[in-house]
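Chain residues, written in single-letter form:
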Amino acid sequence: MKRSGRRKPWMLAILVMALLLSACGSGGDPADSAGAEPEKSGEKVKLQMWFWQGAAFEKLFRSSTG
Amino acid sequence: MVLARGGLRKIIPEFNRLNPGIEVVPQIYKWEDAHKKLLTAMSAGSGAPDIAMVDISQLDQFLKYPDKFYDLNEFGAQELAGDYLEWKWKQSMVGDKQLALPTDIGPMVLYYRADLFEQAGLPSEPEEVAAQIQNWDQFLEAGKVLKEKTGADILSNPYELYGAIRDQGDQLYFDEEDRLIIEENPQIKKALSYYIKAREMGIAGAYDQKNALPEYSAALNSGKIATYISAAWGRGHVETRAPDTKGKWRAAKIPEGTGNMGGSFLLIPKETKHAKEAYKAISWLLAPEQQLEVAKLTGNFPSTPSVYGDELFTNQGFEFWGGQKLGVLFAEVAKDVKVQRKGPNYQTVEDIISDGMQAVTVDKSKDPETEFWALVEKAKTKLQNK
């Protein structure tokens, strides 16, 4: 059987889906992605802000600002 | 009310609402992890966030890389200086550069069980306590009376007293050139001598606040411990850990001057592609109005004295504390805190000493003086191998 040499619509759909998934990222460890081009949602600038909390307060010797 | 939890994060949605073009996305880490991750990112030159929160005890290890963070004066931060306590503002300066904006502070006070003090025939009202226990010798004497009359320890651990006296000094463990000065710092020697006195007098417990919190909490809740020397945020600790003692606690000025325990800063790493927006966010989040809002929501004490006149600090009584207006006391002592430099290796040394001295507190056969200086040697070795 001869290949047509042209992508079928369903192949394009898969390609677009893969690109979209890749752009969304994993939502995992921010350190893995920070420093790269900042995420944008439309014209919105997303700022990643790291907080600390919790454990230190439980240990009493430090405040818990976050 | 649970204090000191989730402070700034609670007002981020409001910033995002007011600034539709910007979205601050908080990422929460444990205290240790947050600082380690940031340090790793700084060293690697990649992976830093747009905005980072750093605790005061860790701040100097980041400030030693001033080129890795924005000088906030580039955005006009110098115009905000008057909004903040001078000592807190200066803590994040390197030369003329302003590398961070201050969050809350932790002015230190003496929390005490008024009922146990009264039972022992000691002064029990805050003004009387401050007037009659003006120095640490008087504090130890009160501890002796308290132990005899009530059986309670005046301290959870003699190291708590060591820490309070250490933090009252002009210097801590390092000088301006990062030289370890423990052996020549008279305040550290004084702190150690009072650790030893409290231990020998048998008026301090051996509760491990760092690693055995349930046991410590149970002792606090059952009246075995009569004081807690801590920061403004520490009241939440007492309320959470000792709920059965509601109404029995008060707070007074600590003998021989206050100190500061805790509080953080927000920095903007140079890696960000949106420094201007990041500055807009932190300058809004830490402005006096927002610090007041966070204080109302969580109890974190503001670093912006213009809000100390708010009713929250002048007129609000706290039921757990017998109706005492704690804000008045916190605001008063906040202005007396000295600027101290911790240095980038402060926590390394402090972890070695505090863990080592905890073992000494528990094991009465150990000589604290010998052990303390051995720990200092251990710290020196660790610093040399760093």
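Residues numbered from 1 in each chain as written. Chains lettered and ligands numbered in written order. Predicted model: local features only at pLDDT ≥ 70, side-chain atom pairs only at ≥ 80, totals over all residues. Heavy atoms only, no water.

1. A look at the nonpolar core
Here is step 1 of the chain: In this structure, F139(B), Y173(B) and I353(B) are the most contacted members of the largest nonpolar core, which totals 87 residues.
Here is step 2 of the chain: The element best represented in this core is helix 9 (residues 186-201) of chain B, accounting for seven residues.
Here is step 3 of the chain: Beyond its immediate stretch of four places on either side in the chain, Y173(B) contacts Y159(B), Y162(B), R166(B), R179(B), L180(B), I181(B), I182(B), I188(B), Y346(B), V349(B), E350(B) and I353(B).
Here is step 4 of the chain: With 48 residues, the next largest nonpolar core counts M49(A), A77(B), F265(B) and V294(B) among its residues. (Core = buried A, V, L, I, M, F, W, Y, C linked by side-chain atoms within 4.5 Å. Buried < 20%, exposed > 50% of the residue type's maximum accessible area, 1.4 Å probe, protein only. Helix = DSSP H or I, 4+ residues; strand = E, 2+ residues; numbered from the N terminus. Contact = heavy atoms within 4.5 Å.)

2. Focus: unusual backbone geometry
All names here are of chain B.
Here is step 1 of the chain: Even without being glycine, D178 reaches a positive phi, approximately 65°.
Here is step 2 of the chain: Among the secondary structure elements, D178 is positioned in the loop between helix 8 (158-166) and helix 9.
Here is step 3 of the chain: The phi dihedral of E256 falls on the positive side, at around 65°, and the residue is not glycine.
Here is step 4 of the chain: Among the secondary structure elements, E256 is positioned in the loop between strand 8 (249-252) and strand 9 (264-267).

3. Quick notes on the pattern of salt bridges
All names here are of chain B.
Here is step 1 of the chain: Taken as a whole and judged by the stated rule, the model has 18 salt bridges over all chains.
Here is step 2 of the chain: Taking the shortest distance from any N to any O, the salt bridge between K97 and D67 comes out at 3.3 Å. Pair noted here: K97 is in strand 4 (residues 97-98) and D67 is in the loop between helix 3 (56-63) and helix 4 (86-90), with a separation of 30 residues, a long-range link.
Here is step 3 of the chain: When its relative accessible area of 29% is taken as the criterion, K97 is described as partly exposed.
Here is step 4 of the chain: The partner of E176 in a salt bridge is R341, with the nearest N and O atoms 3.9 Å apart. Of this pair, E176 sits in the loop between helix 8 and helix 9 while R341 is found in the loop between helix 15 (326-334) and helix 16 (346-362), placing the two residues 165 residues apart along the sequence.
Here is step 5 of the chain: Given the relative accessible area of 22%, R341 is considered partly exposed.
Here is step 6 of the chain: Taken together, the salt bridges that share partners define one network made up of R166, D167 and E350. (Salt bridge = Lys/Arg side-chain N within 4 Å of Asp/Glu carboxyl O.)

4. Structural notes on the confidence of the model for chain B
Note that predicted coordinates carrying low pLDDT should not be read in detail.
Here is step 1 of the chain: When pLDDT is averaged along chain B, the result is 93; 98% of the residues meet or exceed 70.
Here is step 2 of the chain: Note on residues 1-5 of chain B: pLDDT is under 50 here. Beyond four places in sequence and across chains, it has 22 contacts. (pLDDT = per-residue confidence, 0-100.)

5. With respect to the pairing of strand 8 of chain B
Residues and elements named next belong to chain B.
Here is step 1 of the chain: Side chains W249 and A251 of strand 8 all project onto a buried face; the interleaved residues R250 and A252 project onto the opposite face, where all are buried too.
Here is step 2 of the chain: Pairing analysis gives four bridges linking strand 6 (residues 108-113) to strand 8, with the strands arranged antiparallel. Note on strand 8: the bridge partner recorded for L110 is A252. (Pairing = 2+ DSSP bridges.)

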